[in-house]
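# Structural characterization, general
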Amino acid sequence: MPELAAHVRDVPVNQIREITEAAWRTPGALVLSIGEPGFPLPRHILDAGIACLDRDETNYTPNAGIPALREAFAARFRERMGTGHNNSIGADRVYVVAGAQQGLHLAMSLLLSPGDEILIPNPGYPTFAMTSRLLNAVPVGYPLYPEHGFQPRTEDIEALITDRTRVLVLNSPSNPLGAVLGEDLTRELVELARRHDLWVISDECYEAFTYDVPHVSPARFDGGLSGDARVFTSLTLSKTYGLTGLRIGALVCPPGLEQKMNNVMESIVSCVASPSQYAAVAALTGPHDYVRHAHEHYRANRDAASAVLDAKGIPYLKADGAFYLWADVSHVSGGDVRAWVRRFLAESGVALAPGTAFGSIGEGWVRIALCGKREELLEGVSRLPERV
């Protein structure tokens with residue numbers, strides 16, 4: 001058999017999937033390693049997808065998505081952006097994608113040539129590196145240190161920029177950290193990209209879930225229609241509305257890329273399944289009780305799990321957003337947290353995502369998903385060894 005391409009052979013194992021699939025094979029395991037919302041979908045969302053099938057509206061849609069969904073995404077984005085010079089984003093800049101992951105792949109396909117460098121957070125979501133490697137690009141991790149609250153520093157990022165750097169990836173609220181970028185820092189990071197003529201890809205999958213702090217999109221500080229736009233924004237309904245299996249999201253692009261976007265979209269997926277698109281319209285334009293309930297549930301789960309960690313003396317990063325807790329288990333992980341989470345699953349029946357799934361700075365840390373049932377979350381966290 002011929003060999004696979006070298007850049008495919010070099011794509012690392014996703015350690016989140018590794019431990020989660022081991023947990024699925026373990027009877028009675030408590031799975032706190034994956035971010036899967038646990039609420040039933042509202043009936044009006046399901047009915048919209050079913051109605052699309054009932055009327056046999058199952059043909060191709062435009063590459064960029066049905067007009068009603070593009071406008072619904074644009075309206076939500078404008079609402080979340082707030083007032084500002086760049087609050088004129090219209091449906092023409094919204095491209096419907098098969099989940100945020102496809103949106104990231106689409107953006108990177110547009111921006112990266114073989115050998116180009118892309119700056120990604122360390123710790124950060126694993127597919128930032130995996131996707132860029134699939135495109136023959138070079139991921140370069142910029143450090144998020146515990147002593148700085150896992151917030152990026154512009155000087156650390158600027159020190160990594162070379163003549164091959166093309167893209168800066170930002171993620172707020174952060175998966176895995178739950179950290180949220182403030183307004184001043186977000187503005188600084190966009191200005192950094194402008195100084196060095198970099199594109200920005202902003203992953204905002206968890207934009208609906210912040211606690212006592214605002215969500216600030218980097219697009220707020222973009223050049224907009226002035227000709228200096230550089231921010232791509234990746235959105236999804238997987239986390240906000242629990243539509244993980246329908247694979248529906250959006251990529252909001254700088255102006256003037258319509259034809260290029262259509263060409264690349266056609267070559268990757270052509271268009272997103274029409275029932276998913278109509279279900280998404282119903283989610284965005286209908287009642288938002290699901291989102292409010294999810295926000296309250298995740299916040300209460302965060303507070304309850306944090307109290308257990310406090311009682312055990314286990315340090316953690318206070319989650320200002322998303323639905324994860326980032327906890328320090330270095331007192332038991334022995335310098336190899338990936339191996340430790342496997343042992344912990346085997347001995348205690350609890351699956352946690354190892355911090356090294358998200359980068360080298362994650363050694364000694366674990367990500368705890370807060371989105372499931374509270375009793376299972378608290379039972380799982382209670383099995384963690386105390387820190388003496």
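Below: a short report on this structure. (Residues numbered from 1 in each chain as written. Predicted model: local features only at pLDDT ≥ 70, side-chain atom pairs only at ≥ 80, totals over all residues. Heavy atoms only, no water.)

Our next topic: a nonpolar patch on the surface. A cluster of nonpolar residues, Leu 4, Val 8 and Leu 134, forms a patch on the protein surface that exposes about 260 Å² of accessible area. Exposure remark for Leu 134: the relative accessible area of 40% places this residue in the partly exposed category. (Patch = residues over 30% accessible without salt bridge, like charges linked within 9 Å, V, L, I, M, F, W, Y side chains within 5 Å. Areas by Shrake-Rupley, 256 points an atom, 1.4 Å probe, with all protein chains shown as cover. Salt bridge = Lys/Arg side-chain N within 4 Å of Asp/Glu carboxyl O. Buried < 20%, exposed > 50% of the residue type's maximum accessible area, 1.4 Å probe, protein only.)

Let's shift gears to the pattern of salt bridges. If you walk through the whole model with that rule in mind, you get 23 salt bridges. One salt bridge in this structure joins Asp 197 and Arg 230, with 3.4 Å as the shortest N-O distance. Remark: Arg 230 occurs in the loop between β6 (199-203) and β7 (231-236) and Asp 197 occurs in the loop between α8 (183-195) and β6; sequence separation between them is 33 residues. Judged by relative accessible area, which is 58%, Asp 197 ranks as exposed. Since its relative accessible area comes to 6%, Arg 230 is described here as buried. A salt bridge links Asp 289 to Arg 292; its shortest N-O distance comes to 2.3 Å. Taken as a pair, Asp 289 and Arg 292 lie in helix α11 (residues 289-312) at a separation of three residues, close to a single helical turn. Judged by its relative accessible area of 48%, Arg 292 falls in the partly exposed class. If you follow the salt bridges from partner to partner, you end up with Glu 191, Arg 194, Asp 197, Asp 228 and Arg 230 in one network. (Helix = DSSP H or I, 4+ residues; strand = E, 2+ residues; numbered from the N terminus.)

Attention shifts here to the side chain of Thr 210. With respect to the helices, strands and loops of the structure, Thr 210 is situated in the loop between β6 and β7. A distance of 2.8 Å separates the side chain of Thr 210 from the backbone oxygen of Val 213, its partner in a polar contact. (Polar contact = N/O pair within 3.5 Å; in protein donor to acceptor, adjacent residues only side chain to side chain.)

Let us look at the packing of aromatic side chains. Taken as a whole and assessed by the stated rule, the structure comprises 15 aromatic pairs. Judged by centre distance (5.7 Å) and plane angle (75°), the ring pair of Tyr 206 and Tyr 324 falls under edge-to-face. With Tyr 206 in the loop between β6 and β7 and Tyr 324 in strand β10 (residues 324-328), the pair connects residues that are 118 residues apart, well separated along the chain. Tyr 324 shares its class with Tyr 206; the two are buried. Among the aromatic residues, ring-to-ring pairing joins Phe 39, Tyr 206, Phe 209, Tyr 290, Tyr 298, Phe 323 and Tyr 324 into one connected group. Its guanidinium or amino end placed over the ring of Tyr 278, Arg 55 lies 4.7 Å from that ring's centre, counting from NZ or CZ. Positioned above the aromatic ring of Tyr 95 is the side chain of Arg 70, whose terminal nitrogen or guanidinium carbon lies 5.1 Å from the ring centre. (Phe/Tyr/Trp six-rings, centres within 6.5 Å; stacked < 30°, edge-to-face > 60°. Lys NZ or Arg CZ within 6 Å of the ring centre and 35° of its normal.)

Sheet architecture is open: seven strands sit in the order β2-β8-β7-β6-β5-β3-β4, paired in mixed fashion. Of all strands in the sheet, those bounded by a partner on one side alone are β2 (94-97) and β4 (138-143). Neighbour-to-neighbour, the strand axes of the sheet open up by a mean angle of 25°, direction not taken into account. Judged from the four bridges that link them, β6 and β7 form a sheet pairing that is parallel. Its bridge partner being in β7, Asp 203 is matched across the sheet by Ser 234. (Pairing = 2+ DSSP bridges. Axes fitted to C-alpha atoms, helices over the stretch in contact; angles between N-to-C directions.)

Right, let's get into helix α10 (residues 274-285). Helix length check: α10, at 12 residues, gives a terminal C-alpha distance of 17 Å against a target of 16 Å (1.5 Å per residue), a fit within 8%. The buried fraction of α10 is high, at nine of 12 residues. (Expected span 1.5 Å × (residues − 1).)

Two numbers describe how helix α5 (residues 100-111) lies on helix α9 (residues 258-268): the axes approach to 10 Å, and their chain directions differ by 120°. In terms of orientation, α5 lies oblique with respect to α9. When the axes of α5 and α9 are compared, the crossing they make is right-handed. Here α5 contributes Gln 102, His 105, Leu 106, Ser 109 and Leu 110 to the contact with α9, which in turn contributes Lys 260, Met 261, Val 264, Met 265 and Ile 268. (Parallel < 35°, antiparallel > 145°, perpendicular 65-115°, else oblique. Left-handed = near helix turned anticlockwise from the far one by under 90°. Contact = heavy atoms within 4.5 Å.)

It is worth spelling out the packing of helix α3 (residues 43-54) against α10 at this point. Interhelical geometry of α3 versus α10 gives an angle of 145° and a closest axis separation of 8 Å. Between α3 and α10 lies a crossing whose hand is right-handed. Side by side, α3 and α10 meet where His 44, Ile 45, Ala 48, Gly 49, Cys 52 and Leu 53 of the first sit next to Ser 274, Pro 275, Tyr 278, Ala 279, Ala 282 and Ala 283 of the second. For the contact of α3 with α10, the per-class residue count stands at nine nonpolar, three polar and no charged. (Nonpolar A, V, L, I, M, F, W, Y, C, P; charged D, E, K, R; others polar.)

Hydrogen bonding along the main chain pairs the strands of a sheet, whether they run parallel or antiparallel. With respect to topology, four strands assemble into an open sheet ordered β9-β10-β13-β12, the strand pairing being antiparallel. In this open sheet, the two edge strands, each paired with only one partner strand, are β9 (316-317) and β12 (353-354). The pairing of β10 with strand β13 (residues 365-369) spans five bridges and is classified as antiparallel. Across the sheet, residue Leu 325 finds its bridge partner in β13, namely Ile 368. Of the strands in this sheet, β9 and β10 touch α11, which is tilted by about 10° from β10. Seen against the sheet, helix α13 (residues 337-348) touches β12 and β13 and runs at an angle of roughly 50° to β13.

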